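# Understanding the architecture of this molecule
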Amino acid sequence: MSSTSGLKTGLLTIGERLELLRRRRDLSRRALAELVGRSEEWLRLIESGNKPLDSVAIIVRLADALHIKDIRELIALPPQLAPAGVEAGNQLAESLKRSIIDYPAVETHRHTTMNTGSLSDLADQLHRCQNIWEHSPNRYTELAEYLPPVLTAARVQYLLSHDDEAGKILLRSYHLSRRFLTRVGAHQLAFTAADRATMVAEQTRDPWQMAACAWHTGNGMLGLAQAPECHDYAVAAAKHLADAADSVDKTVLIGALQLLAAKGAAAAGNTAEADRLTTAATRAANRFDREHAAYDVPLGPTESLIARLEVMLWGGDCERAAELAAQQHVPDAHPVGGRMRFHLAGAYACARRNDYAGASCALGKAADICPEDFRYGSDTQSTLHYLVEQDNRLVRPQVHELARVAGLR
């Protein structure tokens, strides 16, 4: 029996649940397959457990055809995270929650006497936090310690002064918080951080800052499974920059927004739109011979490669993603987060095509880069849990060692 048959929803595998729901609707395999634009043989493989159901777009189509209100009935969710994984990630998210949610104006009398330091000192502290996130193997625990007071102080400084420089520091603090919270799986709080940043940027009416905020907000939408909204929002934000004078910042921001929109399109099942956007963004990124960033939003040949892999995975094309990951390499000098995303994309793609050795190898490379990601990174733990569940004897020792690193053993 294939590995996918072991992915349970209740007491049934995903394939068994799908077959049961199909029969309840009195639909033949051919009829249901035609409704979602697939072949009868494809559906037979899904129901028998010989092919994974890993395309969000197809899951949505199946749910619509079968009149299913909750698509979780058709999602091969990984086993429940061990307490070490869930609680650890939640605790790190909690470290930022108060800094984001509390509104300083409520206690202005207390904050007026609070020593937040100079704007120069605050900028230096934020720069330190950004370096931690980009380069430290302990980036989760260190950022959970150093970023909350920076964000709180930035909010107070901006509240009391409405100074443009204080606003920029606050924006970047919110955006760094969004990245961190997305990685630990706190998607609602990540979206809130992105939304708070947009409120600050709206005061400046700076189109470049607004574009950067749109990129973070779109990522927040994607984390909340709002794929069509993510696509539409990112495309609209890119169009707002179309008439601006040509510059590196313009190329970076439009390209990054196009790659984000491509992920949204792929997740929504619009592969033609995803391909169009990915091609345009890749062409722009390849104009550069190195990575660039505009308002902390990255684009370049390597970032484009990683995003292309993610677009393929959002669209369920694990075969092509695995092949691309095997052919490419991310430089050691690239930020930790980008290298982790590359190896995790490769691991997920390999796992979904039952290449457990390839998946284990990719996860091993990721563990060498940032062991903390296995304890706190939600995507990392999901992929690792999938491999643990398969219990493939050939890679069992490596997988169990990775589970130990993650605190799951």
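Before reading further, recall that the structure is shown in the block above.
Quick summary incoming for the structure in this document.

### Things to note about the nonpolar core
- Formed by 73 residues in total, the largest nonpolar core has its most connected members in Y140, F180, L181, L363, F374 and L384.
- Discounting chain neighbours no more than four positions away, the residues touching F374 are L363, A366, A367, T380, Q381, L384, L402, V405 and A406.
- Counting 34 residues, the second-largest nonpolar core is a separate cluster that includes A214, L257, L277 and L299.

### Structural notes on the pattern of salt bridges
- Under the counting rule described, the total for this entry stands at 19 salt bridges.
- The residue E47 makes a salt bridge to R22 at a minimum N-O spacing of 2.7 Å. With E47 in helix α3 (residues 40-48) and R22 in helix α1 (residues 14-24), the pair connects residues that are 25 residues apart, well separated along the chain.
- In the salt-bridge network here, residues are joined through shared partners; they are R139, R183, D373 and D379.

### Points about empty space enclosed by the protein
- The tally for this structure, following the rule as stated, stands at 2 cavities of 30 Å³ or more.
- L387, V388, D391, N392, V395, R396, V399 and H400 are the residues that line the second largest cavity.
- For the lining of the second largest cavity, the secondary-structure elements that each account for two or more residues are α20 (378-390) and α21 (396-405).
- Ranked by the residues each element gives to the lining of the second largest cavity, the list is headed by α21, at 3 residues.
- Its residues assigned to classes, the lining of the second largest cavity comprises 4 nonpolar, 2 polar and 2 charged.

### Observations regarding the side chain of N219
- Its location among the elements puts N219 in helix α11 (residues 207-223).
- Exposure remark for N219: the relative accessible area of 15% places this residue in the buried category.
- In terms of polar contacts, N219 uses its side chain to reach the backbone carbonyl oxygen of W215, at 2.9 Å.

### Comments concerning the layout of surface pockets
- Volume-wise, the second largest pocket comes out at about 600 Å³.
- Around the second largest pocket, the lining comprises 30 residues; the ones closest to its centre are M312, G315, G316, D317 and C318.
- Considering every element that reaches the lining of the second largest pocket, the biggest residue donor is helix α14 (residues 271-285), with 5 residues.

### Topic: the environment of H175
- Structurally, H175 can be placed in helix α9 (residues 164-183).
- Considering only alpha carbons, one finds H175 and A193, 18 residues apart in sequence, at a separation of 7.0 Å.
- In this view, H175 contacts A197, A212, C213 and H216; residues no more than four positions away in its chain are not counted.

### A word on the packing of aromatic side chains
- A complete count under the given rule lists 4 aromatic pairs for this structure.
- Ring geometry for W133 versus Y140: centroids 5.3 Å apart, planes at 80°, classification edge-to-face. Here W133 and Y140 have matching classes, each one buried.
- Summarising the aromatic geometry, the rings of Y140 and F180 are spaced 6.2 Å apart at their centres and angled 45° between planes, so their arrangement reads as tilted. One end of the pair, Y140, is in helix α8 (residues 139-161); the other, F180, is in helix α9, and 40 residues separate them in sequence. Of the two residues, Y140 and F180, both sit in the buried class.
- We note R38 situated over the ring of W42; from NZ or CZ to the ring centre the distance is 5.9 Å.

About the thresholds
- Residues numbered from 1 in each chain as written.
- Predicted model: local features only at pLDDT ≥ 70, side-chain atom pairs only at ≥ 80, totals over all residues.
- Heavy atoms only, no water.
- Core = buried A, V, L, I, M, F, W, Y, C linked by side-chain atoms within 4.5 Å.
- Buried < 20%, exposed > 50% of the residue type's maximum accessible area, 1.4 Å probe, protein only.
- Contact = heavy atoms within 4.5 Å.
- Salt bridge = Lys/Arg side-chain N within 4 Å of Asp/Glu carboxyl O.
- Helix = DSSP H or I, 4+ residues; strand = E, 2+ residues; numbered from the N terminus.
- 1 Å grid on protein atoms, 1.4 Å probe; cavity = no way out; pocket = protein on both sides within 12 Å on 5 of 7 lines; lining within 4 Å.
- Points joined across faces, edges and corners; volume = space filled by probe spheres on them.
- Nonpolar A, V, L, I, M, F, W, Y, C, P; charged D, E, K, R; others polar.
- Polar contact = N/O pair within 3.5 Å; in protein donor to acceptor, adjacent residues only side chain to side chain.
- Phe/Tyr/Trp six-rings, centres within 6.5 Å; stacked < 30°, edge-to-face > 60°.
- Lys NZ or Arg CZ within 6 Å of the ring centre and 35° of its normal.

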